[in-house]
Amino acid sequence: MPFVSKKLKVSYSVFYMAAGILLYWLFPDYLPNPLPQENESAVLHLTELIVIISLMGAGLKIRRTFSLKNWSLPLRLVFVAMLLGIVIATLLGYFMLGLNLAASLLLAAAIAPTDPVLASDVQVSAPNEKKDPETKFALTAEAGINDGLAFPFTWLAITVASISAGSDDTLWSWFSYHFVYQIVVGLVLGFLLGKAVGYLLFTFSKKYKFLEKLDGFVALSMTLFVYGFTELLHGYGFIAVFICALALRSYEKDHEYHESMHSFTDQIERIFVVLLLMLFGGAISLGVLENLSWNMVFYVLLFLLVIRPVVGYLSLQGAAISNREKITISFFGIRGLGSIFYLAFAFHEAEFDNKDELWSMVSLMVALSILIHGLTASMAMKKIGD
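Residues numbered from 1 in each chain as written. Predicted model: local features only at pLDDT ≥ 70, side-chain atom pairs only at ≥ 80, totals over all residues. Heavy atoms only, no water.

## Section: the overall build of the protein
Next up, step 1: Of regular secondary structure, the protein possesses 15 helices and zero strands.
Next up, step 2: Against the globule reference of 21 Å for 386 residues, the protein gives a C-alpha radius of gyration of 20 Å, in line with a compact fold.
Next up, step 3: Of the contacts formed within the protein by residues at least 6 apart in sequence, a portion of 82% connects residues at least 24 apart.
Next up, step 4: A total accessible area of about 16500 Å² is found for the protein, and carbon and sulfur atoms account for 66% of it.
Next up, step 5: Side-chain charges in the protein split into 26 positive and 30 negative, and the spacing between the mean points of these groups amounts to 16 Å. (Helix = DSSP H or I, 4+ residues; strand = E, 2+ residues; numbered from the N terminus. Rg over C-alpha atoms; globule rule 2.2 N^0.38 Å. Contact = heavy atoms within 4.5 Å. Areas by Shrake-Rupley, 256 points an atom, 1.4 Å probe, with all protein chains shown as cover. Lys, Arg positive; Asp, Glu negative; His and termini not counted. Charge placed at Lys NZ, Arg CZ, Asp CG, Glu CD.)

Here's what the structure looks like:
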């Protein structure tokens, strides 16, 4: 499929989604129920798994050492564009769609982060490739960072829903615990565990030769360990996994073992992409979009084609890149399986109004992003020389 995708210059995610739509249209009675609102637990854990595997793969691809200057583009996209996007999307959900505050916040938090899973066409290349173009670096690093930093706003929506239901939760408890404590724990554990694994693989192994025979499977076990350990300590596992991958990659940037680990995570990720996108196509075929109104369709199009590109472009003003690069980075705010995870997670934690409508809107957002960005990514990257 990657070969076909490269030849046709169309993202393979488009083919998988289309295949799912077709299969469920032809054989709806012979395939498992794909509707997310009827399988929230399975959706939650499957999307959770593919996102953390993708975050590890994305982190291992990035060669650039962290500094405010080197990482200014993704930091602008996260702390300016994403936050502005959340505010605007919340206000539109509340005033334009008539959703309550909790549902509006949840919708905004779910669609705010870009997706590390479906953005492979606009991300940096494998670890052994020396080229590190600004556009692809910005989009790769943004997808890695914002998947974790959107989590506090999902919890904000959960907190507002819980307060509305009469719980003892407060906005201060949200800020101190979900915004400060969990982010700090994720950052610290990710860095420490990444450096520890780097020492084990690249320093300790020089003394004990048996460690040199490790294969790429280590990347998967490391992903699950770092994620699970961080979640046990109530930190954000998404943040920890990405930071761990960055810390590990920076330990010995040019070691060939990075390629082996990335190759393995990439293969596992592709397996899950096939499965989940075909199920997603099946959900479209069986009516996950049936609760949409014209206002909701307009909201989705407005966010995807106007709000994200505009706030993204504004956040990059003053950056030392060309105007064409700014436009490209702003346009390719790809939405994907991470958005579905956040929605399933929130529904697992609290009761929300308009659940079916939220599933429809997020599903439409993901489907349109797959189509629009999947059909244009290859051509756009070629035009700017990436």
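Anyway, onward from the coordinates.
## Some points on helix α10 (residues 237-251)
Next up, step 1: When the terminal C-alpha atoms of α10 are compared, their 21 Å separation across 15 residues agrees well with the 21 Å that a helix rising 1.5 Å per residue should span.
Next up, step 2: Here α10 lies mainly inside the structure; 12 of its 15 residues are buried.
Next up, step 3: Those residues of α10 that fall on the buried side of the exposure criterion are Gly237, Phe238, Ile239, Ala240, Val241, Phe242, Cys244, Ala245, Leu246, Ala247, Leu248 and Arg249. (Expected span 1.5 Å × (residues − 1). Buried < 20%, exposed > 50% of the residue type's maximum accessible area, 1.4 Å probe, protein only.)

## Looking at the pattern of salt bridges
Next up, step 1: For the structure shown, the criterion picks out four salt bridges.
Next up, step 2: Among the salt bridges present, the one from Glu134 reaches Arg64, with a minimum N-O distance of 3.0 Å. A residue pair is termed long-range when its members are at least 10 positions apart, and Glu134 in helix α6 (residues 134-149) and Arg64 in the loop between α3 (40-61) and α4 (72-95) qualify at 70 residues.
Next up, step 3: Put simply, Arg308 and Glu142 hold a salt bridge, and the shortest N to O gap is 2.6 Å. With Arg308 in helix α12 (residues 294-315) and Glu142 in helix α6, this pair connects stretches of sequence that are 166 residues apart. (Salt bridge = Lys/Arg side-chain N within 4 Å of Asp/Glu carboxyl O.)

## Describing the confidence of the model for the protein
Next up, step 1: On average, residues of the protein score 87 in pLDDT, and 91% of them are at 70 or above.
Next up, step 2: Per-element confidence in the protein ranges from a low mean pLDDT of 78 for helix α1 (residues 2-8) to a high of 95 for helix α5 (residues 101-111). (pLDDT = per-residue confidence, 0-100.)

## Structural notes on a nonpolar patch on the surface
Next up, step 1: Where nonpolar side chains cluster on the molecular surface, the patch consists of Phe79, Val80, Leu83, Leu84, Val87, Ile88, Leu91, Tyr94, Phe95 and Leu101 and spans about 900 Å² of accessible area.
Next up, step 2: A per-element tally of the nonpolar patch places α4 first, with nine residues.
Next up, step 3: Within the element layout of this structure, Val87 appears in helix α4. (Patch = residues over 30% accessible without salt bridge, like charges linked within 9 Å, V, L, I, M, F, W, Y side chains within 5 Å.)

## Focus: the environment of Leu189
Next up, step 1: Tracing the backbone shows Leu189 in helix α8 (residues 171-207).
Next up, step 2: For Leu189, a relative accessible area of 13% puts it in the buried group.
Next up, step 3: Separated by 107 residues in sequence, Leu189 and Met296 have C-alpha atoms that sit 40 Å apart.

## What about the packing of α6 against helix α13 (residues 323-331)?
When two helices pack together, their arrangement is given by the angle between their axes and by how far apart the axes lie.
Next up, step 1: Two numbers describe how α6 lies on α13: the axes approach to 10 Å, and their chain directions differ by 25 degrees. By the angle between their axes, α6 is roughly parallel relative to α13. Helix-helix and strand crossings are classified by hand; for α6 and α13 the assignment is right-handed. Facing Glu134, Thr135, Ala138 and Leu139 of α6, the residues of α13 in contact are Glu325, Thr328 and Ile329.
Next up, step 2: Across the contact of α6 with α13, the residue classes break down as three nonpolar, two polar and two charged. (Axes fitted to C-alpha atoms, helices over the stretch in contact; angles between N-to-C directions. Parallel < 35°, antiparallel > 145°, perpendicular 65-115°, else oblique. Left-handed = near helix turned anticlockwise from the far one by under 90°. Nonpolar A, V, L, I, M, F, W, Y, C, P; charged D, E, K, R; others polar.)

## Regarding the packing of α4 against α5
Next up, step 1: Running from N to C, α4 and α5 cross one another at 140 degrees; their axes reach a closest spacing of 8 Å. When the interaxial angle is binned, α4 and α5 end up oblique. Classified by chirality, the crossing of α5 by α4 is right-handed. Two secondary-structure elements touch here, α4 through Ile86, Ala89, Thr90, Gly93 and Tyr94 and α5 through Leu101, Ser104, Leu105, Ala108 and Ile111.
Next up, step 2: Across the contact of α4 with α5, the residue classes tally to seven nonpolar, three polar and no charged.

## A few points about the side chain of Glu142
Next up, step 1: Accessibility expressed as a relative area gives 1% for Glu142, which makes it buried.
Next up, step 2: In contact with Glu142, other than residues within four places in its own chain, are Pro74, Leu77, Val78, Thr114 and Arg308.

## A closer look at unusual backbone geometry
Next up, step 1: One non-glycine residue with positive phi stands out, namely Lys9, at about 60 degrees.
Next up, step 2: Tracing the sequence through the fold places Lys9 in the loop between α1 and α2 (12-26).
Next up, step 3: Of note in the backbone geometry, His234 takes a positive phi value of approximately 65 degrees without being a glycine.

## As for the packing of aromatic side chains
Next up, step 1: This model, assessed by the stated rule, comprises 26 aromatic pairs.
Next up, step 2: Arranged with centres 5.7 Å apart and planes meeting at 50 degrees, the rings of Trp174 and Phe179 form a pair that is tilted.
Next up, step 3: By relative accessible area, which is 10% here, Trp174 ends up buried.
Next up, step 4: Plain terms: the ring middles of Phe347 and Trp359 are 5.7 Å apart, the flat faces sit at 65 degrees to each other, and that makes the pair edge-to-face. Taken as a pair, Phe347 in helix α14 (residues 337-349) and Trp359 in helix α15 (residues 355-383) lie far apart in primary sequence, 12 residues in all.
Next up, step 5: The class of Phe347 is buried, set by a relative accessible area of 5%. (Phe/Tyr/Trp six-rings, centres within 6.5 Å; stacked < 30°, edge-to-face > 60°.)

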